[in-house]
Structure formats: C-alpha cells, structure tokens
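Below are the chains, spelled out letter by letter.
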Amino acid sequence: MLTASDKLSCAAASWSHRVAWATYLFFVLWSEVQGETVRFNRDIQPVLAARCFSCHGPDEAEAGLSLHTHDAALAELDSGGFAIVPGQPEQSVLLARIGSEDLDLRMPPEGEPLSLEEIAALRRWIEAGAEWEKHWAFTPLQRREPPAVKQLDWVANPIDAFLLARLEAQGLAPQPPADKRTLARRAYYNITGLPPSPEQLAEFLADDRSDAYEQLVDRLLASPRYGEKWARHWLDVVRYAETNSFERDAAKPYAYKYRDYVIRSLNDDKPYDQFVREQLAGDELDQVTADSIIATGYYRLGTWDDEPADPLQSRYDDLDNIVSTTGQGFLGLTVGCARCHDHKVDPFPQTNYYGLLSFFSDITPYALPTRRDAKYHSLWDLSPPEQKARRQELSARIEQLRSAKKLIEQQAIERMDAADQRRTETDERQQVLDEKLGQFLTSAERKPYDDTIAEIQVAETSLAQVPAAEYALALAKCDPHPDTTHVMLRGNPHALGDPVEPCFPELFNQEPPIIPEPANDARSAGRRRVLADWIASPENLLTSRVIVNRVWQHHFGRGIVRSANNFGQLGTPPTHPELLDWLACWFTDNGWSLKKLHRLILTSSAYRMSSQANEAALAIDPSNDLFWRFDLRRLSAEEIRDSVLMVSGQLNEQMYGPSIYPPLSQEVLQTQSQPGLGWGKSDPRQAARRSIYIHIKRSLLPPELAIFDFPETDTSCEARFVTTLPAQALNLLHGDFLQTYAGHLADRVRAEAGDELEARVVRTLQLVLSRQPEQASVADSLQLIERLENEHGLERDEAFRQFCVMTLNLNEFVYVD
C-alpha cells in the first residue's frame, strides 16, 4: 500500500506522461478561456476550498501539503517536491496529480475529478506566477470606472457596461429586450409581489412615451405594496417568526410590530444605514423613537427554550443565534464557526467571536425562565410618558392596597380551624373567604377592610380610564454593567478561558473600539451603539457590498455573490467583483437609498432582457453566470397565494396590525404536539390579507407556504430553495385554499362577464394571465368544460369552477419571465 508521500514520488517519476496530459488539456481549453485572465479569487481559490481543503487545508495537511495560505502552498512537500512552483507548471506536482489518469494517483481521491476548465485555469494561474490575492471581500472597496465596451447602444447605465464587458470578452451578446407585457409583469412581481390587472397592463401597453417603463417603475416603487413584498426578503434574513419554538412554541407578543416596522421603513425609503442602526442599537441612539424601539425586536426574534436542561448553555445558544445572524445578515460572515475554535478558513479567531459577542453582553434573556413571561425583559411600553407615569402610579397603589387587604384577611384566617386554613392555601381560598371571612373579622378590622376594598375599586376604575399600554416586542430591559466576557473553551460556557473586550474582527484591520463607561443609572451598556455605528459606516468593507448583493439577488434570481450570507473564503466568489464594488460605492454615495438602487437596477438593459435561451450561449455559460439573459423563475409561496387572492377578487389590502390565521385542516393541526394550540381563527375577510401578514408559528406553517419552499425560521435564510415536487402540484390542484378561491374566481367572472360561457372563459384567462387569450386557448378551454360536463357529469357551474382551478395551475400563472 503506497503512502501519500510514496504516491507523490511516483508522480514525479512518471512525469512525462502527466506533462503530456496537462499540456493536452491546456491546448484543448485554450480557445475557450483565452478571453479573460485567470484570477485567484474568482477562478482558483473556490476550487481549492471546495475540492482540496478537506485534506490539504487548515485542519489537515496530508503529505505535508496545505493549500489555504500562500506560504504553506508553496512549501516543500514530504516527498521533497513542490505542489506549486510559480511560473513552472511542469514542475508543479499539483497539476500532475489532478490531471492523472491513474485513479490511485489522481486528486482529489474521492468524488468527481476536477473539470477540464478547472485544471486549465490552475495551469494558467501557475504559469502566470501563482499570485495569491488577499480574499476579495477582505479588501477595501474600490471605486471602479465602468469598462469600455463595443456595443455602446446597449448601455443604459453603468451596470450594463460591467456586464457587457464580460460578455464581449467571452464572445457572447446579451439577449434582446423582453416584450412590453413580459417586462411589465416582471416589474410588477419583482417590485410589489403581485400581478398587474388586465386594466393596468392595458394602460401600460397603450403608453407610447419613451419613458413609459421608467414611469411604471416609479409608480410601483411608490406603491405601499412594495414594502410588503420586500419586507419578506429581510424577514428571511433575520429569521423572523412570531413564536419561540421548542415544545410549547409559545407566541411572542406583539412580534408583528417588527414586521410592520420593516414594511414601513422600506416604503419610506429609510436610509439603510439608519435601518441597521435602529435594529442593532435603536434604544441607544441620540434620538430614540417608537420606530427605533420596535426595531430592537430584532433581538427577540430567535428561538427560546422556556425550560432548558442547561440554562447557562441555553443562554449562550441564544446569544450565538444573535451573533451569527448579525454576522451573516449585515456582514455576510459565518462568524458562528468560531464559537468553539478558530474559524477553519477565514481569518477569524475564536477571540474575535467572543469579542463580537461582548458587544451584545447587555442583552437580557427573552424572559425569566421561572415566569416564562416576556413582559419583564421584552415588552416595551410605547405610551406617552404621562400615561405611563399615571398607569404606574395607579398600579403601584392597587398593589399596595391588595397587600393591605390580604394582610387583614390573613389575620382572620389565623382564627379559623386548621381545615379551613389549609383550604385557603389552595385554589379554594376565595371560596373560604366568601363563606367565612365575616365570621372571623374583628370589629376593629371590619371598617379598614371595607375601606380598602372601596379604595381598590376606585383605583381600578381610574386605571381603566387610562389608555391601555401600547406594548412592542423590544429590548425592554438591559444589563448596563455586564460581567466580563471570556473565551469559552470549545464553546462550553462552563469552561471559561481568557477574558476578552469588545473588538472588531481583525480581518477588518480597524482600531480597537472605544467603549463608553456607562453611568451608574444607565439603562444599557452603550456597546451596541458602537457596533452599529461601525457596521453602518460607509468605510465598512462588507455592509454595503452585502446589501446591494441582496437587492441584486432578488431582481435577477441570484446574487453577484451567490452565497449571500457568506462572503468568506468558503463562499461563492462574485462573478462580477468590479460591478459589486461599483454598486456598493454608488449606494452609499446616494444616501443608502434602497429605492434609488432598485430604480438603477430595474432601468438597466440587463434587467430588461428576454429570458429566451440560445444554444451558443448555453454551451459557453449554461448557468448564466455572465447574465447574458434574464432567468425565468417560479413565484414564491407568498406570490402564488397573493396572486390567487388578487385574481379571484378577494385580496384584502389592509396593511399592518396583528397577524392573521388562515384556516387549516384538522390533518395539519394534528402535526403539533398539542393539536391547534396557538392557532387562532380569522374571519374570511381578514384571512384574505396578503401572506406577509400570516402568523408565523415555527411549529405550524400553512401548507400553501411550506410546500412552496417557505424558509426555515430558526436561522438566517440567505436564499430560498426552489424545488419542484409532486406535492406542489397536488396542493394547487386539490388543496382547500386553491379550490376555495377558484370558486371565488368563478363568481367574480360570472359577475363581470355574464352568463355567456365564452365571455366567461375569455375574462378568466385575462385575469389569470394578464393578457388577451388566443382564440385557440379559448376553444381548448370550452372543450375542457364540455368534457367535464359530458364525461364527468359535472353541472355547468362546477365544470366552470374546475376550469378556474386549471387556469390557476398554468405555468404562465405560476412562473414569471
């Protein structure tokens, strides 16, 4: 059996065969890749991380080879050879091993071999000197100039220049523009999450002004529907839910106010840096507002165990959830990997993790475990100060009077026999008092007792006249003088290591933060404000890059960086790093305005391209990494449900307020440990509100959301899965929701189009497809209805309702291109 070192020696001894193989690969692929220079961050590092690090990375260095740092990769191997010799591919053992036809020698030893393109890229990189770049995301933002291109008439704004330069380098051309109907439907869905009505679409198609599309974009961005659509993207990132998970999965009171805050912030085009500061330190800002307080509900959105086996471990699990979500959501860093040890790939040591955690050390637990009540730590009264003061005064007075009343009662109880005394210690106390208290009160006690009861009634009446408290789920109580944070050995809070102070991750090369000393009467430690200001700074390496990538992702179906929560070395590198930096700089220069960023993207020629494919481009770029066309996509779970509500005429556009509870079948309710617990019942009108307002219960998601890839709510979701499953077709065909609203669609059409069947078919297709149907489609539809009547024995109205079910299952309805 050959050792790894022996195999490397064999590789060197049989060098000529492998040189010939690598040379063959080089010439075969040269014509395909010569258009662009190989770049370490884009072309090499991802291959090494994905295919080599498991055996030759930070944890393992088999045969003396480690590829995660420059010096280690170029070091001498156990065999005496060198894996990488800059400028000399023929002397680089790495190339011989990855290109070997001998299965015992070829690397990696498991899985598929490297592709011809990957091998060719590695060869060209070594030949060019094997330059090792600092990871792209850990370098300062660079102000880029849009590159020169040949097809100048395609460039509507600088976005197009960056994309077109890559396309032209590969000999590709962008697809022609989409037609007006397709473009309008795309814009409606991507901005508002709803389809255009036939009337809205007809108005746009009839508008022959040169800027008709730009004006449409402006109208849609001004619509309150925009905030409802885009808030859901942010809620995915911050793992929004309205319950605690675990066995009881109890509700988080007033969690919906955080959701409403996000919708309102987006509709108001609140600058993103302010949006960040409010969520991380809304209670510590110079100007604390109701919105900034509600924003701190961010800290209360995670799971919470109300009876943990190890309370201290549970406490730090909750803090890890906050640290990890903040790192991924705002910075695109998987900092949670360093909870137990130094990050295996990124320059993020364990001390940095606990230095980051220290910023959050004043955050109290969601609730007191002994009370399981969020009121004391997590409910903030937003009432005007005078109301709060009056309410507190009366509440304290009532509590004082009740204590005095109980004291008199207790004196009387001591005069009762032992059996009745014991009964007063149970839930029979009031019954005993009602029956026997009068017998045991002395004459000296009776008048004070009656007076106390009267005073209680007066105080309770006065309290009832004060407006009710306006609570919000928020960071209501903090620890202004938190204990020192320690490194926890292997992440164990029972095994403390060295103390640490709040610090920024060293990969940012920042000066240590200046942490203010909290006053004796301070409400919080002031540390989160320091962190928020640093994250929301235009100089931060990652914040603006991460958010512009998220916006791009939801317009084009994937980000410039596909791994939107991971900009580290194990993430996917940007396909267009220069464009990403240009967008990030443009974004901060334009006041961190998300609506301006949307408009810039939406009015580019790239966004307006057709989704149609061509064989030449598919052969070169099958994944559309270069954005040579627009990617067709399936509607999200919320978009499908909301579209059904809209075309059926049942959509309730009421905004904000407590969440709704759509009806669930008994079979669905039975999936809980306590069937139906915590699931309310909304009236039909309320149940027809947009999906953003559905109560998100971690243990019980409505099937029309869950089956269409609604995200896991325990952790941050960077991008939803897009699956195609038989259960989805069954849900759309037979689910109660769609069957019910197909009936509403049939009723709407009958009211609008009358009794003539063909007119009803035409109107149905207009509503569902947002276009005038072809005559052939109308004829096919009439034949379907006839078959349902003649072959299946359905009455005309039921046959027409089933036709409506069919239209709501059409790909043209469920997909947007």
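In case you missed it, the structure is sitting above this.
Residues numbered from 1 in each chain as written. Predicted model: local features only at pLDDT ≥ 70, side-chain atom pairs only at ≥ 80, totals over all residues. Heavy atoms only, no water.

### Points about the overall build of the protein chain
Alright, step 1. Of regular secondary structure, the protein chain possesses 37 helices and 6 strands.
Alright, step 2. If one aligns the C-alpha atoms of the protein chain with their principal axes, the spans along those axes are about 115 × 80 × 55 Å.
Alright, step 3. Looking at the protein chain as a whole, 53% of its 817 residues qualify as buried.
Alright, step 4. Total accessible area on the protein chain is roughly 36,100 Å²; 52% of this is exposed by carbon and sulfur atoms.
Alright, step 5. Averaging the positions of the 85 positive and the 121 negative side-chain charges in the protein chain gives two centres separated by 4 Å. (Helix = DSSP H or I, 4+ residues; strand = E, 2+ residues; numbered from the N terminus. Buried < 20%, exposed > 50% of the residue type's maximum accessible area, 1.4 Å probe, protein only. Areas by Shrake-Rupley, 256 points an atom, 1.4 Å probe, with all protein chains shown as cover. Lys, Arg positive; Asp, Glu negative; His and termini not counted. Charge placed at Lys NZ, Arg CZ, Asp CG, Glu CD.)

### Considering helix H25 (residues 577–589)
Alright, step 1. Under the 1.5 Å per step criterion, the end-to-end length of H25 is 18 Å for 13 residues, consistent within 8% with the ideal 18 Å.
Alright, step 2. Counting buried residues in H25 gives 11 out of 13 residues, a clear majority hidden from the surface.
Alright, step 3. Those residues of H25 that fall on the buried side of the exposure criterion are Pro577, Leu579, Leu580, Asp581, Trp582, Leu583, Ala584, Cys585, Trp586, Phe587 and Thr588.
Alright, step 4. Taken together, the buried residues of H25 touch helix H8 (158–169), helix H14 (272–281), helix H24 (543–556) and helix H26 (594–602).
Alright, step 5. With its phi angle positive at about 70°, Gly591 sits one or two positions after the end of H25. (Expected span 1.5 Å × (residues − 1). Contact = heavy atoms within 4.5 Å.)

### Quick notes on the packing of aromatic side chains
The geometry of two aromatic rings is summed up by the distance between their centres and the angle between their planes.
Alright, step 1. For the structure shown, the criterion picks out 34 aromatic pairs.
Alright, step 2. Considering the side-chain rings of Trp234 and Tyr272, the 6.3 Å spacing of their centres and the 85° angle between planes classify their relative orientation as edge-to-face. Of the two residues, Trp234 is situated in helix H12 (residues 224–237) and Tyr272 in helix H14; the sequence distance between them amounts to 38 residues. Both residues of the pair, Trp234 and Tyr272, count as buried. (Phe/Tyr/Trp six-rings, centres within 6.5 Å; stacked < 30°, edge-to-face > 60°.)

### Overview of the packing of H24 against H25
Alright, step 1. Put simply, H24 and H25 touch, their axes get as near as 9 Å, and they point 105° apart. Comparing their axes, H25 and H24 come out roughly perpendicular. Mapping the contact onto sequence places Ser544, Arg545, Ile547, Val548, Asn549 and Trp552 in H24 and Leu579, Leu580, Asp581, Leu583, Ala584, Phe587 and Thr588 in H25.
Alright, step 2. Partitioning the contact of H24 with H25 into residue classes produces 8 nonpolar, 3 polar and 2 charged. (Axes fitted to C-alpha atoms, helices over the stretch in contact; angles between N-to-C directions. Parallel < 35°, antiparallel > 145°, perpendicular 65-115°, else oblique. Nonpolar A, V, L, I, M, F, W, Y, C, P; charged D, E, K, R; others polar.)

### Concerning the packing of helix H34 (residues 757–769) against helix H36 (residues 796–807)
Alright, step 1. In the contact formed by H34 and H36, the axes pass within 10 Å of each other and the chain directions differ by 25°. By the angle between their directions, the pair H34 and H36 is classed as roughly parallel. Crossing hand, H34 versus H36: right-handed. The residues of H36 that touch H34, namely those facing Leu757, Arg760, Val761, Thr764, Leu765 and Val768, are Arg796, Asp797, Phe800, Phe803, Cys804 and Thr807. (Left-handed = near helix turned anticlockwise from the far one by under 90°.)

### A short note on unusual backbone geometry
Alright, step 1. In this model, Met107 is joined to Pro108 through a cis peptide bond whose omega is -5°.
Alright, step 2. Structurally, Pro108 is set in the loop between helix H6 (93–98) and helix H7 (116–127).
Alright, step 3. At Ala63, a position not held by glycine, the phi torsion is positive, near 60°.
Alright, step 4. Along the chain, Ala63 turns up in the loop between helix H4 (53–56) and helix H5 (70–73).
Alright, step 5. Residue Ala63 is classed as buried on the basis of its relative accessible area, which comes to 15%.
Alright, step 6. Backbone geometry at Ser770 places phi at a positive 55°, although glycine is not the residue there.
Alright, step 7. With respect to the element layout, Ser770 can be found in the loop between H34 and helix H35 (775–790).

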